[in-house]
Amino acid sequence: MRRTVFIQTCILIFSLQVFSQAESWKKCKTCNEPVIFYKELSTGKDFQIKAAFTVNYPIEDVIRNLQDIPSYKDWVYNCRSAVKISDESKYSGIYRSIIGAPWPFKDNEVFMQYYFKEQDNGKSWKLYQKCLPDYAPLNDKYERITRFKAVWEITAVTENTTSVVYFAETGGPKNMSQPVKMLFLCSAQYKTVKEFIKHTGTISF
């Protein structure tokens, strides 16, 4: 019981620290449970996104969901396909993903390197993701994603409750309209998290 209270307190402190920069971070107005925050950087085309939420399933289910690369098409918003193309180990590798984009933009192609880091005897994990813009020749059919990296911090709160803190740095076209920008920074992120939580509930060993 004491350990659970301690973990929940640590998560609360971390979340308050992460979300304390109110002058820089903006809350997505239409996103609640979970709340999505975003920051527009001075370049006008680079952004940061963060969210903290709870999944009412064991940490093992959450990790297995994130490890199942092909299933990303079932919960990542507008993901057309996700294919593992290189296995470095059980917990690391490279995958290629195609993400649908609204007209008049081309669909996005990204080659992503990832690795999981286990901590505290499996009671917490980190997943690191980073795009590899020069991994393969450019395909004119797609817009290559060149600016993306993310960290997922996954922590067991109880046997059947898991805390997830998600932070990403990404980018898009410089002159996106406001509706497209809000789709990119808010709606798509919110729907991804909601589908991630829902999909985790379908995992079985």
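Residues numbered from 1 in each chain as written. Predicted model: local features only at pLDDT ≥ 70, side-chain atom pairs only at ≥ 80, totals over all residues. Heavy atoms only, no water.

**Some words on the nonpolar core**
Working step 1: Residues I36, L66, F148, W152, I154 and F196 are the most contacted members of the largest nonpolar core, which totals 43 residues.
Working step 2: It is helix 4 (residues 178–200) that provides the largest number of residues to this core, a total of six residues.
Working step 3: Ignoring anything within four residues of it in the chain, the contact list for I154 reads I59, V62, I63, L66, K123, S124, W125, L127, T162, S163 and V164. (Core = buried A, V, L, I, M, F, W, Y, C linked by side-chain atoms within 4.5 Å. Buried < 20%, exposed > 50% of the residue type's maximum accessible area, 1.4 Å probe, protein only. Helix = DSSP H or I, 4+ residues; strand = E, 2+ residues; numbered from the N terminus. Contact = heavy atoms within 4.5 Å.)

**Side note on the layout of surface pockets**
Unfilled space is identified by rolling a water-sized probe across the atoms.
Working step 1: A volume near 980 Å³ is recorded for the largest pocket.
Working step 2: As for the largest pocket, its lining consists of 40 residues, of which I99, N108, I145, T170 and F184 are closest to the centre.
Working step 3: Mapped by element, the contributors of at least two residues to the lining of the largest pocket are helix 3 (72–75), strand 5 (92–99), strand 6 (108–119), strand 8 (143–144), strand 9 (148–158), strand 10 (161–171) and helix 4.
Working step 4: Per element, the largest residue contribution to the lining of the largest pocket is seven residues, and it comes from helix 4. (1 Å grid on protein atoms, 1.4 Å probe; cavity = no way out; pocket = protein on both sides within 12 Å on 5 of 7 lines; lining within 4 Å. Points joined across faces, edges and corners; volume = space filled by probe spheres on them.)

**What about the pattern of salt bridges?**
Working step 1: Evaluated as defined, the whole model comprises eight salt bridges.
Working step 2: One salt bridge connects R147 with D46, and the closest N-O pair in it is separated by 2.4 Å. Taken as a pair, R147 in the loop between strand 8 and strand 9 and D46 in strand 3 (residues 46–55) lie far apart in primary sequence, 101 residues in all.
Working step 3: When salt bridges that share partners are traced, they join K26, E40 and K181 into one network. (Salt bridge = Lys/Arg side-chain N within 4 Å of Asp/Glu carboxyl O.)

**Comments concerning the state of the cysteines**
Working step 1: Summed over all chains, the structure comprises one disulfide.
Working step 2: Two residues share a disulfide in this structure: C28 and C186, whose sulfurs sit 2.1 Å from each other. Looking along the S-S bond of the C28-C186 disulfide, the torsion reads about -80°, which is the left-handed sense. Of this pair, C28 sits in the loop between strand 1 (26–27) and strand 2 (36–40) while C186 sits in helix 4, and the two are 158 residues apart along the sequence.
Working step 3: With a relative accessible area of 1%, C28 lands in the buried category. (Disulfide = S-S within 2.5 Å.)

By themselves, these are just geometric observations and shouldn't be taken as functional.
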